[in-house]
Amino acid sequence: MLRIRKFAAIDIGSNAIRLLVANVIEQEGKEPKFKKSSLVRVPIRLGQDVFTNGEISKINIDRMTNAMKSYRLLMDVHGVEMYMACATSAMRDAKNGEAVVERIKKKADIKIDIIDGKREAQIIASTDLHNVIAKEKDYLYVDVGGGSTELTIFSNGKIKTSRSFKLGTVRLLNEMITDDDWKAFEKWIKRNTKDLKRLSLIGSGGNINKLYKMSGTTIGEPLSYIYLNAQYQFLQSLSYEERISELGLNPDRADVIIPATRIYLSACKWSGARKIFVPKIGLSDGIIKTLFFETSKKDKSASNILSF
């Protein structure tokens, strides 16, 4: 018997806000399949407000509220059974973060959970990596966002350890990363990868996805450290305007792609990784899987389903 369920994930990041609607296909005797149905991304840079002024501005509160109203309608149209909305680094640091959560709940009827870095890393690490991870190899999973970077070590097919760092692209653009921040990042990577051999990187986030697409690499094949370093030098040689006009990058991607590449290159350098796999997964995918498996453990009664 085939059963198709719809779940939604809202990822409220420091650079953009995303709505992912996914179909979960259940069939007796088989592993569930997760298929993207729709993805909507709105470039509301909350981190620009928070990391420079400490709180979310009125104009971005209004933009965020309107985005959430739209997401609520889209979930209704799609027939979403259950959703989860997670806010990360910018909302964590915003002095008015809780007030914004209350406003969104009142105006858009969407409940937002502000999750800490550890929870964010756990959700991201729950994504489906079986097509990428080989049990006999070791991996450093690097998810670069606008406000933070989540690191997870996979060894023998299992999660060994993970940690979140306040090292994000929007923070870097605003020169809010100190030498101590970089040293802590370097120290953690070196300490947790020193005994691992044949280590590769797994990269997730919008910037590494864009770099992968630009490379023309066959899907499933990794990027090389040499290529990524060369691309970094090339991107730096272009002005912001040239990155938009000549490379076709979106305005909200053309600036953050350089600091993002720097973070991935640093992770490669300090871990010794020379290959970067890019499976196109992230927090939104992890939220969908978390929702599905958590609800599967519960009694699927009406009281456990969010009504729209």
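Residues numbered from 1 in each chain as written. Predicted model: local features only at pLDDT ≥ 70, side-chain atom pairs only at ≥ 80, totals over all residues. Heavy atoms only, no water.

On a plain count of helices and strands, the chain comes out with 13 helices and 11 strands. Rg of the C-alpha trace for the chain: 19 Å, near the compact-globule value of 19 Å for 308 residues, within the 12% margin. For the chain, the C-alpha atoms occupy an extent of roughly 50 × 50 × 35 Å along the three principal directions. Here the chain, with 308 residues, has 51% of them falling under the buried criterion. Per element, the accessible surface of the chain, about 15,100 Å² overall, is 49% carbon and sulfur. Averaging the coordinates of the 50 positive side-chain charges in the chain and doing the same for the 36 negative ones gives two points 3 Å apart. (Helix = DSSP H or I, 4+ residues; strand = E, 2+ residues; numbered from the N terminus. Rg over C-alpha atoms; globule rule 2.2 N^0.38 Å. Buried < 20%, exposed > 50% of the residue type's maximum accessible area, 1.4 Å probe, protein only. Areas by Shrake-Rupley, 256 points an atom, 1.4 Å probe, with all protein chains shown as cover. Lys, Arg positive; Asp, Glu negative; His and termini not counted. Charge placed at Lys NZ, Arg CZ, Asp CG, Glu CD.)

For the coordinates displayed, the defined rule picks out 16 salt bridges. Arg45 is the partner of Asp255 in a salt bridge, and the nearest nitrogen-oxygen pair spans 2.7 Å. Of this pair, Asp255 sits in the loop between α11 (251-254) and α12 (257-271) while Arg45 sits in the loop between β3 (33-42) and α1 (46-53), and the two are 210 residues apart along the sequence. Of the two residues examined, Asp255 and Arg45, each falls in the buried class. Two residues, Lys105 and Asp109, come together in a salt bridge whose shortest N-O distance is 3.3 Å. For Lys105, a relative accessible area of 41% translates into the label partly exposed. (Salt bridge = Lys/Arg side-chain N within 4 Å of Asp/Glu carboxyl O.)

In this structure, the second largest pocket encloses a volume near 180 Å³. For the lining of the second largest pocket, the secondary structure elements donating two or more residues are β9 (199-204) and β11 (275-277). (1 Å grid on protein atoms, 1.4 Å probe; cavity = no way out; pocket = protein on both sides within 12 Å on 5 of 7 lines; lining within 4 Å. Points joined across faces, edges and corners; volume = space filled by probe spheres on them.)

Here we come to the pairing of strand β8 (residues 158-165). As defined by bridge partners, strand β7 (residues 149-155) adjoins β8 across 7 bridges and the pair is classed as antiparallel. Within β8, the position partnered with Leu151 by the bridge is Arg163. Between β7 and β8, which pair antiparallel one after the other, the connecting turn spans 2 residues, and Asn156 there sits at a positive phi close to 55 degrees. (Pairing = 2+ DSSP bridges.)

In this model helix α9 (residues 225-237) runs 19 Å from its N-terminal to its C-terminal C-alpha over 13 residues, within 8% of the 18 Å that 1.5 Å per residue would give. Residues of α9 that are buried include every one of Tyr225, Leu228, Gln231, Tyr232 and Leu235, and no others. Buried residues in α9, looked at end-on, bunch into an arc of 125 degrees, giving them a common side. The exposed set on the far side of α9, more than 90 degrees from its buried face, consists of Ile226 and Ser237. (Expected span 1.5 Å × (residues − 1). Arc of directions from axis to C-beta.)

Before going further, it helps to spend a moment on unusual backbone geometry. Look at Asp109: it is not a glycine, yet its phi comes out positive at around 55 degrees. By secondary structure assignment, the location of Asp109 is in the loop between α4 (97-108) and β5 (112-114). At Asn156, a residue that is not glycine, the phi angle is positive and equals roughly 55 degrees. Among the structural elements, Asn156 can be located in the loop between β7 and β8.

Glancing now at the environment of Lys197. Inspection of the secondary structure assignment puts Lys197 in the loop between α7 (179-193) and β9. As a C-alpha pair, Lys197 and Asp62 span 135 residues in sequence and 49 Å in three-dimensional space.

Under the defined criterion, the tally for this structure stands at 11 aromatic pairs. Relative to Phe154, the ring of Tyr141 lies with its centre 6.2 Å away and its plane at 40 degrees, an arrangement referred to as tilted. Of this pair, Tyr141 sits in strand β6 (residues 138-144) while Phe154 sits in strand β7, placing them 13 residues apart in sequence. Judged by relative accessible area, Phe154 falls into the buried class, the value being 5%. Between the aromatic rings of Phe165 and Phe185, the centroid separation amounts to 5.3 Å while the plane-to-plane angle is 90 degrees, which identifies the pairing as edge-to-face. Note that Phe165 is positioned in strand β8 and Phe185 in helix α7, a separation of 20 residues in sequence. Under the relative-accessibility criterion, Phe165 is labelled buried at 6%. The class for Phe185 is buried, based on a relative accessible area of 0%. (Phe/Tyr/Trp six-rings, centres within 6.5 Å; stacked < 30°, edge-to-face > 60°.)

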